[in-house]
Amino acid sequence: MSFAFGIGIGTQNSKGEWLETFYQKPLYMPEATIREIASNTLGYQGGNQAIEADAGQLTRFAEALRGAGIDDQARLAEKAAGSKRPAVVTLLDTDDTASSTPEVYLKLHLISHRLVKPHGLKLEGIFGLLPNVAWTNEGAIDLDELADRQMDARTEDRLLEVKSVDKFPQMTDYVVPRGVRIADTARVRLGAYVGEGTTVMHEGFINFNAGTEGTSMIEGRISAGVMVGKGSDLGGGCSTMGTLSGGGNIIISVGENCLIGANAGIGIPLGDRTTVEAGLYITAGTKVAVLDDKNEVVQTVKARDLAGKPDLLFRRNSQNGAVECKTNKTAIELNEALHANN
């Protein structure tokens, strides 16, 4: 059994270098038969390979897949055989570090298709394999070729719209998961894991290798590497410190039924049913006064000492400015109200 498989159609620049790849139905842990068929029809030699295939090869590949009863992938191979764009068949025997752009795109698709959760794949080194691309209403364009394409469009009395310049495209141009609402699709990158029942409002953002387990309201930022548990809510303008923004070796996560208030932020993982007051940003080194039921200080600790512990309320004392923490008794009722009509 291989690790992953996908039949892709993509875009190359004038030098034949891959800019992006679309996999309609990638497979995670595909049956061994596909590997054998690829070996017989495409010259697959094992290991991790992205094989550029012509129409004839793809047709033979499709016929062999159909003969083995793998009809869905056979249909994809037939479509790829008739495509005007270049096609690639990517087979990954193992989850080794990617060595080509189509391999990276296959891994990002696996996450956005909810086949693998964030932190479930090796993504080291992907930035060097993802070209910085102009994402336009006519698809991906190499930046060195953009000016000529813009001029061509003008002379043909049409507008070439550049929507973004980035290494990552927006997820919904490749994958639209079932059961989600995304108000501004440009704010969710390919490689995001958006769980069923999630609503991402206009100012919400989800980076690659990050996302939500299930029913959540996202009006803040989910940075790379951060996973948000079911029933949790990120208020407007709030943020999570990701693995790319100073989080160090600590993997930031948000437990179930949590609430991060508007303009708040976290640099520690939150346990289940935890609330962070609006406007309060907690980093690992933040000094926190732990309160008892009488609101008296029991001890003062660093926030990292409370990482992952459930049923907490973090707030700032409005009189002396101290960051305080106490047992959070209202988290369950609060989240039930928030999700009543989600």
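Source: prediction; values computed, not measured.

Asks: When you look at a nonpolar patch on the surface in this model, what are you seeing that I'm missing?
Replies: Among the surface-exposed residues, Y28, M29 and L115 lie close enough to one another that they form a single nonpolar patch of about 240 Å² accessible area. Looking at the secondary structure, you find Y28 in strand β3 (residues 27-28).

Asks: I'm lost on the side chain of K107 in this one. Help?
Replies: The topology assignment puts K107 in helix α4 (residues 101-112). Given a relative accessible area of 1%, K107 falls into the buried group. Setting aside chain neighbours within four positions, we find K107 in contact with L92, D95, D96, A98, L121, K122 and L123.

Asks: When you look at the sheet that holds strand β10 (residues 192-194) in this model, what are you seeing that I'm missing?
Replies: Pairing between sheet strands relies on hydrogen bonds along the backbone, with the strands arranged either parallel or antiparallel. Taking strand neighbours across the sheet as the criterion, the four strands line up as β10-β13-β16-β19 in an open arrangement whose pairing is parallel. The open sheet terminates on both sides in strands that have one partner only, identified here as β10 and β19 (253-254). For strand β13 (residues 210-212) and strand β16 (residues 227-228), the ladder comprises two bridges, and the chain directions are parallel. Residue pairing for β16: T212 is matched across the bridge by V228.

Asks: What am I meant to see in the packing of aromatic side chains here?
Replies: To describe a pair of aromatic rings, you give the distance between the ring centres and the angle between the ring planes. Inspection of every chain in the model, using the stated rule, returns seven aromatic pairs. On the basis of an interplanar angle of 85 degrees and a centroid distance of 5.5 Å, the ring pair of F3 and Y28 is categorised as edge-to-face. In this pair, F3 sits in the segment before β1 (4-12) while Y28 sits in strand β3, placing the two residues 25 residues apart along the sequence. Ring centres of F127 and F168 lie 5.8 Å apart, and the angle between their planes is 70 degrees; on these two criteria the pair is classed as edge-to-face.

Calculation criteria
- Residues numbered from 1 in each chain as written.
- Predicted model: local features only at pLDDT ≥ 70, side-chain atom pairs only at ≥ 80, totals over all residues.
- Heavy atoms only, no water.
- Patch = residues over 30% accessible without salt bridge, like charges linked within 9 Å, V, L, I, M, F, W, Y side chains within 5 Å.
- Areas by Shrake-Rupley, 256 points an atom, 1.4 Å probe, with all protein chains shown as cover.
- Salt bridge = Lys/Arg side-chain N within 4 Å of Asp/Glu carboxyl O.
- Helix = DSSP H or I, 4+ residues; strand = E, 2+ residues; numbered from the N terminus.
- Buried < 20%, exposed > 50% of the residue type's maximum accessible area, 1.4 Å probe, protein only.
- Contact = heavy atoms within 4.5 Å.
- Pairing = 2+ DSSP bridges.
- Phe/Tyr/Trp six-rings, centres within 6.5 Å; stacked < 30°, edge-to-face > 60°.

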